[in-house]
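# Descriptive structure summary
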Amino acid sequence: MRTVKRKGVYLSHHVMQRMLNRSSSSAAPEVSFPEEARLSARELEIFTLIGQGVSTQTIAEQLSLSLSTIDTYRERIKNKLRLANSLELTRRAILWVMHNT
């Protein structure tokens, strides 16, 4: 509830696993990753943490930033990557992490 209240996206462990499994299947389309070129170092750090499933609250605590600052970064990332909502941001971030690990 706290995550959703802060305009975050809550995904249960089951849903996260399904997204990861679907994304990693051989039938998944090839995705280009222009994130590195478009995002600042801090935005890319936050984007990566989102893809690792770290909550907005935890990101703020780890980076010693306020929740509103993290929300601002999330909005900037969505704008730069032309993502419509937080679910698309989370999905794209998960794919980014999977591609770079």
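Throughout what follows, the structure given in this document is the object of discussion. (Residues numbered from 1 in each chain as written. Predicted model: local features only at pLDDT ≥ 70, side-chain atom pairs only at ≥ 80, totals over all residues. Heavy atoms only, no water.)

## Some points on the packing of aromatic side chains
Taken as a whole and assessed by the stated rule, the structure comprises one aromatic pair. Where Phe47 meets Trp96, the ring centres are 6.3 Å apart and the plane angle is 50°; that geometry is what we call tilted. One end of the pair, Phe47, is in helix H4 (residues 41-51); the other, Trp96, is in helix H7 (residues 86-99), and 49 residues separate them in sequence. A cation over a ring is seen here: Arg76 above Tyr73, with NZ or CZ 5.4 Å from the ring centre. (Phe/Tyr/Trp six-rings, centres within 6.5 Å; stacked < 30°, edge-to-face > 60°. Helix = DSSP H or I, 4+ residues; strand = E, 2+ residues; numbered from the N terminus. Lys NZ or Arg CZ within 6 Å of the ring centre and 35° of its normal.)

## A few points about the nonpolar core
Formed by 18 residues in total, the largest nonpolar core has its most connected members in Ile46, Phe47, Ile59 and Ile77. For this core, the elements supplying multiple residues, two or more each, are H4, helix H5 (56-63), helix H6 (67-80) and H7. When residues in this core are grouped by element, the largest group, five residues, is from H4. (Core = buried A, V, L, I, M, F, W, Y, C linked by side-chain atoms within 4.5 Å. Buried < 20%, exposed > 50% of the residue type's maximum accessible area, 1.4 Å probe, protein only.)

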